[in-house]
Structures are given as structure tokens and as C-alpha cells.
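# Structural overview for review
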Amino acid sequence: MIGKDAVEETAYELTARASIEIPDDYLAGVEKMAETEEGDLGRFVLSSMLENWQAAKEDRRAMCGDTGLPRYYVKIGNEAAVEGGFVALETAIRRATARATHEIPLRPNRVHPLWRTHHDNNVGINAPEIEYSFEPDAEWIDITTVHKGGLFGTDYRMLFPGDGIDGIKRFFLDVLVSFGKRGLACQPAIVGVGLGGSKDISMTLGKQAACLRPVGERNPDPAIAELEEELKALGNSIGMGPMGFVGSSMVVDCHIEVGYTHTGGMPMSVHCFCLSSRRATARMFMDGRVEHRTDPKWFTPYMRREGVEWPPAAESLKASG
Ligand code: SF4
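All figures in this text were calculated on a predicted structure; none of them were measured in a lab. (Residues numbered from 1 in each chain as written. Predicted model: local features only at pLDDT ≥ 70, side-chain atom pairs only at ≥ 80, totals over all residues. Heavy atoms only, no water.)

## Details of the overall build of the chain
Quick reminder of the rule: Numbering of helices and strands starts at the N terminus; helices are DSSP runs of H or I of at least 4 residues and strands are runs of E of at least 2. In this setup the radius of gyration rests on C-alpha atoms only. A globule is expected at 2.2 Å times the number of residues raised to 0.38. In this scheme, a residue with accessible area under 20% of its type's maximum is buried, one over 50% is exposed, and one in between is partly exposed, where area comes from a 1.4 Å probe on protein chains only. We count Lys and Arg on the positive side and Asp and Glu on the negative side, and we leave His and both chain ends out. Every charge is mapped onto a representative atom, which is NZ of Lys, CZ of Arg, CG of Asp or CD of Glu.
If you tally the helices and strands in the chain, you get 8 helices and 9 strands. A globule of 321 residues ought to have a C-alpha radius of gyration of about 20 Å, and the chain, at 20 Å, matches this closely. Along the first, second and third principal axes, the C-alpha set of the chain runs to 55 × 50 × 40 Å. When each of the 321 residues of the chain is scored for burial, the buried share is 49%. Within the chain, one finds 35 positive and 46 negative side-chain charges whose respective centroids are separated by 4 Å.

Following this line, the structure appears as C-alpha cells:
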């Protein structure tokens with residue numbers, strides 16, 4: 001049994017880690033970009049960010065004044081059990097968010113959309129968001145927190161199948177140029193693309209692609225992996241770089257996730273996980289162990305399952321090569 005107090009302590013610790021320490025994969029990606037960036041201002045921004053992350057780590061303070069919106073992704077092993085059930089788990093996560101907001105501290109960004117009232121703790125109606133997925137044959141739960149910044153760094157377009165790959169590239173470029181020009185979502189960003197699904201799932205997949213896959217990880221479908229590389233290169237070739245200044249460091253990485261969609265359309269979303277790509281994960285085991293990491297490991301083969309059976313029947317495995 002996974003204790004509810006342990007869930008609260010773990011969610012609190014994750015919230016602190018995510019707000020203060022930039023994940024290694026994103027840091028390595030920006031360090032690599034700093035070596036090749038030729039724009040003067042772009043280079044300056046990248047080196048300042050590297051100093052800023054180091055200072056945040058040493059001082060144990062949030063890496064950006066806008067501490068974003070804490071949200072949580074919970075992957076539940078099919079054999080796992082939580083003391084008090086999943087209502088207790090949600091209570092623990094909400095308590096951890098409120099406490100962390102005061103103690104780390106985080107900026108209390110969450111307000112009522114109409115009255116702008118707030119509880120001064122980043123908790124409210126439908127906040128923080130908690131999304132769930134499941135994993136077969138597992139006796140643990142994974143909790144990931146993401147503090148998404150870049151209030152405006154998201155867009156959506158309903159494409160037609162005939163728009164094809166060219167239409168995907170066009171929307172991708174439209175978004176990055178527009179965000180760069182208007183100073184939305186501090187770049188370089190991890191750009192997530194959601195393709196297909198219904199409209200809401202397209203948005204969900206794109207956000208998860210941006211926030212839950214580490215820099216350098218490719219989609220297992222080789223053709224999609226190739227498109228990820230192509231979009232990344234395209235995004236870095238538009239002449240805008242860090243924070244929209246002249247340069248070539250706009251996209252640290254591009255991740256695409258797909259979902260089966262209506263035959264008449266191809267919904268597409270684009271999401272930018274900004275310079276403060278804050279995420280942290282912990283795996284909680286039934287025997288009380290807790291293991292921390294920065295790779296959420298969200299998109300498992302089970303998440304991307306295609307057929308009816310799990311595990312896939314031998315014939316369908318053969319058919320898919
Ligand atoms: S977009 Fe990201 S880096 Fe820029 S101010 Fe917002 S949270 Fe901070």
C-alpha cells in the first residue's frame with residue numbers, strides 16, 4: 001500500500017525540484033545550442049540562462065519569477081494501491097501544491113477566470129490539473145509534476161488530410177514566427193506537436209509531447225522521428241533564436257505524438273515548453289521506496305498501443321513488422 005502522507009511529501013518534493021532545477025536533458029540541449037549560436041544577443045541570452053540555472057540551484061530558489069502553473073501526471077500501475085484510494089491521492093497533491101506555494105515559494109498564479117479571486121496557493125476549481133494513465137503489470141505509481149510557463153505558447157489548427165506534410169510544416173512555422181515576433185513563450189523551447197485524435201486529444205497529446213518527453217528522445221515510428229528532426233531544423237532556420245532575437249536557437253527539440261482521428265480531418269496542436277522547462281518525476285513503490293528522476297517515461301508502449309489486445313497478439317505484431 002502506498003501511504004497518502006508519502007504521496008503528499010513526494011508531490012511537495014517534486015514541486016520543489018521542478019521549480020528550482022532544470023532537467024539535465026534540457027540543460028544539455030541548451031549547452032549544445034550555445035556552442036553553435038552565432039547571433040550576439042542569442043548567445044548572450046543562452047549564456048545568461050546557463051548562469052541563471054546554476055544560481056537557482058545554488059540558492060535553492062525558483063529559476064524564473066513566473067513559476068508557471070503546477071500540474072501533475074499520474075501513471076498508475078495496474079497492481080498498485082493507495083491508502084484512502086485516489087480521492088486521497090488527489091487531496092495529497094492539492095495539499096502539497098498549496099504548501100509548496102508558500103514554502104518554496106511559488107508565485108500564486110491561479111485565479112478565478114472571471115472574478116480574479118484566488119486562494120493564494122495555486123489551488124482552485126480544476127486546479128492543479130491532474131491527468132492519469134495506466135500501466136499493466138506494475139506495482140508502483142509515477143507522479144510527474146510540470147510547471148508549464150509560456151501562457152501563450154500554444155496554438156491549434158484543423159487541417160485537412162489534403163494539407164499533408166506541407167500543411168503541417170506551414171502551421172508549425174506560422175506558430176513559431178508568430179510566437180517569436182510577439183515575445184510569447186521564451187525560446188528556445190521544446191516544441192510538442194499533437195497530430196490527430198479529436199480536437200481536445202490533439203491538444204492533450206501536443207502538450208504531453210512537449211512536457212513529458214526528454215530532449216533527444218525520438219518517436220518510435222521512424223517516419224515520425226524523421227519529421228521531428230525536420231521540424232526541429234525548420235524551426236531553427238527562420239532567423240529568430242533565443243527570446244525572439246536574431247539567431248538559430250529557437251527549438252531545442254521537437255516531439256510529435258499521434259492519435260487516430262476522423263477520416264475527414266487532421267487536427268494539429270503546437271505547444272512550447274519554454275526556457276523554464278520544469279518537470280520532475282518520482283516512482284512510488286508499494287514497499288515505501290521512492291525513486292526520483294527527470295524523465296517522466298510517460299509514453300510507454302502501452303500508451304501507444306494500436307490494436308485491441310494487450311499484450312498485442314502475435315499476428316498483429318508480425319503484420320506491423
Ligand atoms: S515563458 Fe517560461 S521562462 Fe519565460 S517568463 Fe514564462 S515561465 Fe519564465
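## Regarding the layout of surface pockets
Note the threshold: Every definition here rests on a 1 Å grid over the protein atoms only: cavities are sets of points where a 1.4 Å probe fits but cannot get out, pockets are open sets enclosed by protein on both sides within 12 Å along at least five of seven lines, and lining residues have some atom within 4 Å of a point. Grid points are joined across faces, edges and corners, and a volume is the space filled by probe spheres set on the points.
Each pocket or cavity is described by its volume, and for the second largest pocket that value is around 690 Å³. Lining the second largest pocket are 26 residues, and of these L69, N109, R110, V111 and E129 lie nearest its centre.

## Considerations on the pairing of strand β5 (residues 189-196)
For a regular strand, side-chain orientation follows a simple rule: the groups alternate between the two sheet faces. The criterion, for reference: Two strands pair under a simple rule: DSSP has to find at least two bridges between them.
Of all 8 residues that make up β5, 8 are buried, and the element is covered over most of its length. Sheet analysis places β5 next to strand β6 (residues 251-259), joined by 8 bridges and oriented parallel. Across the sheet, G196 pairs through a bridge with G259, a residue of β6. By the bridge criterion, 6 bridges tie β5 to strand β7 (residues 266-273) in an arrangement that is antiparallel. Within β7, the residue paired with L195 across the bridge is M268.

## Observations concerning the sheet that holds strand β1 (residues 69-77)
Just so we agree on the cut-off: To obtain each axis, a line is fitted to C-alpha atoms, and for helices this fit is confined to the stretch in contact; angles are then taken between N-to-C directions over 0 to 180 degrees.
Here we have 5 strands laid out as an open sheet, ordered β2-β1-β3-β8-β9, and mixed in their pairing. The open sheet terminates on both sides in strands that have one partner only, identified here as β2 (130-135) and β9 (290-293). Across this sheet, the average inter-strand angle for adjacent strands is 20°, counted without regard to direction. In this sheet, β9 lies alongside strand β8 (residues 278-285) in antiparallel orientation, the contact comprising 4 bridges. Among the inter-strand pairings, A282 is bridged to a residue of β9, identified as H292.

## Some details on helix α7 (residues 222-235)
Test applied: Multiply 1.5 Å by the residue count of a helix minus one, and that product is the helix's expected span. The arc in question is the one spanned by the directions pointing from the helix axis to the C-beta atoms.
The terminal C-alpha atoms of α7 lie 20 Å apart, and with 14 residues this matches the ideal 20 Å at 1.5 Å per residue to within 8%. Among all positions of α7, only I224, A225, L227, E228, L231 and G235 are buried. Down the axis, α7 shows its buried residues gathered within 160° of arc, on one side only. Exposed residues on α7 whose side chains face more than 90 degrees from its buried face are P222, A223 and E226.

## What about the domain arrangement of the chain?
Note the cut-off: Each domain's extent is set by a domain assignment, obtained either automatically or from a database. What counts as buried area is the accessible surface, traced by a 1.4 Å probe, that two parts surrender upon association, with contributions from both included. Counted as salt bridges are all cases of a side-chain nitrogen of Lys or Arg within 4 Å of a carboxyl oxygen of Asp or Glu. Gly is put with the polar residues, along with every residue not named as nonpolar or charged; the nonpolar set is Ala, Val, Leu, Ile, Met, Phe, Trp, Tyr, Cys and Pro, and the charged set is Asp, Glu, Lys and Arg.
In terms of domain boundaries, the chain breaks down into domain 1 (4-18 + 63-149 + 279-293) and domain 2 (150-275). For domain 1 and domain 2, the distance between their C-alpha centroids amounts to 26 Å. Of the roughly 930 Å² buried between domain 1 and domain 2, counting both surfaces, carbon and sulfur atoms make up 59%. It is K148, G149 and R279 in domain 1 that bury the most area against domain 2; as a group they hold 58% of the surface buried on that side. In this structure, the connection of domain 1 to domain 2 is made through 0 salt bridges. Where the side of domain 1 that touches domain 2 is concerned, the elements lending two or more residues are β1 and β3 (140-148). The leading source of residues in the side of domain 1 that touches domain 2 is β3, at 4 residues. Classifying every residue of the side of domain 1 that touches domain 2 gives 2 nonpolar, 3 polar and 4 charged.

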